[in-house]
Amino acid sequence: MSDILKITDLHVAVEGKAILRGVNLTIRRGETHALMGPNGSGKSTLGNAVMGHPGYEVTGGKMELSGADVLAMDATERSRAGIFMAFQRPMAIPGVKMAEFLRHATTNVRNPDRKEGEELIPMRQFRKELMEKMEQLRMDPEFARRYVNDGFSGGEMKRAEILQMAMLRPSFAILDETDSGLDVDAVKLASQSIAQIGREAGGGKEMGILIITHHDKLLDHNRPDFTHVMLGGKIVETGGVELAHELYTEGYDRIRSAYPDAAAAEQEMAEEVAAS
Ligand SMILES: Nc1ncnc2c1ncn2[C@@H]1O[C@H](COP(=O)(O)OP(=O)(O)OP(=O)(O)O)[C@@H](O)[C@H]1O
Ligand SMILES: [Mg+2]
């Protein structure tokens, strides 16, 4: 099992435009990290680059999973190696039922050496586990029969992402605004569920979690060991849980004045978006 995810001086470009400009981040299993930062600062780009999204070109730096070169792996290999991401805007897959999708994904991640066409997790065992997890997340069992994210409400999509994490039991999870669109009760339930899933991760060890959020409610039951602030494609400051509360209540004025180079990069990125 992989115990440490280490990102060093990561540079990422999208459509030829520089977005991440030297990100350093180390996450160990058992640690919870919060990642905050203004809109467009590069938080989702970091998640997508870690997951191996082909549209995000790594132009410099390193990414290692307990010493193994993550950049040499494609997204499937990264998933099998124990990395997971809950997307900010999950895609719908009409025609593919949730249960079918989860059974395949769960089998492939739990048996990384499985070849296409080999046996899946036995149906009875899978269904039992799926129903338990859905009950825990207070999801209607009917969801298992619906097409992945097709016509799901915003909150239902986010719950479906958490359900996926619960089934896959990754070593490292990136949760990209998993709280967005959830009502007050649902955020509380999500926060509790994420903490519980984190404790039950694979290999008898806790998960390493990166929570990308604009709020601090999801952190109630997932108290961050570290809070990072991204601005202009760089992590400019790292603190504890108090930093998350400060940013949520006070905003980013102090950060922009304290890190003028990153604030200038933010300005530059915004102008590029406006021009394109
Ligand atoms: N697939 C893409 N195509 C074009 N531009 C992109 C793409 N992904 C990211 N960008 C650009 O990169 C910059 C950073 O975007 P990113 O989504 O990483 O920000 P973020 O910090 O997650 O913001 P938010 O808080 O709004 O989710 C933005 O200017 C965005 O327009
Ligand atoms: Mg984002």
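One can find the structure itself at the top, above this paragraph.
Model, not experiment: these values are computed from the prediction.

This next bit is on the overall build of the protein chain. For the protein chain, the count of helices and strands is nine helices and 12 strands. The C-alpha radius of gyration computed for the protein chain amounts to 19 Å, which stays within 12% of the reference 19 Å derived for 276 residues, consistent with globular compactness. Reported as C-alpha extents along the three principal axes, the dimensions of the protein chain are approximately 60 × 40 × 40 Å. Counting every position in the protein chain, which comprises 276 residues, the buried fraction comes to 50%. Of the contacts formed within the protein chain by residues at least 6 apart in sequence, a portion of 70% connects residues at least 24 apart. Of the accessible surface of the protein chain, which amounts to about 13,100 Å², a share of 50% is contributed by carbon and sulfur atoms.

In this section: empty space enclosed by the protein. Scanning all chains against the criterion turns up one cavity of 30 Å³ or more. Residue lining of the largest cavity: Leu137, Arg159, Leu182, Ala186, Leu189 and Ala190, and that is the complete set. With three residues, helix H6 (residues 184-199) is the single largest residue contributor to the lining of the largest cavity. Looking at the lining of the largest cavity, its residues break down into five nonpolar, no polar and one charged.

A few words on the site of ligand 1. Around ligand 1 sit 16 residues, and of these Gly40, Lys43, Thr45, Tyr56 and His214 come closest. A distance of 2.8 Å is found between an oxygen atom of ligand 1 and a backbone nitrogen or oxygen belonging to glycine 40. Glutamine 88 places a side-chain nitrogen or oxygen 3.0 Å from an oxygen atom of ligand 1. Calculation on ligand 1 without its partners gives an accessible area of 630 Å², and the protein chains cover 72% of this total.

Parameters at a glance
Residues numbered from 1 in each chain as written. Chains lettered and ligands numbered in written order. Predicted model: local features only at pLDDT ≥ 70, side-chain atom pairs only at ≥ 80, totals over all residues. Heavy atoms only, no water. Helix = DSSP H or I, 4+ residues; strand = E, 2+ residues; numbered from the N terminus. Rg over C-alpha atoms; globule rule 2.2 N^0.38 Å. Buried < 20%, exposed > 50% of the residue type's maximum accessible area, 1.4 Å probe, protein only. Contact = heavy atoms within 4.5 Å. Areas by Shrake-Rupley, 256 points an atom, 1.4 Å probe, with all protein chains shown as cover. 1 Å grid on protein atoms, 1.4 Å probe; cavity = no way out; pocket = protein on both sides within 12 Å on 5 of 7 lines; lining within 4 Å. Points joined across faces, edges and corners; volume = space filled by probe spheres on them. Nonpolar A, V, L, I, M, F, W, Y, C, P; charged D, E, K, R; others polar. Near = heavy atom within 4 Å. Polar contact = N/O pair within 3.5 Å; in protein donor to acceptor, adjacent residues only side chain to side chain.

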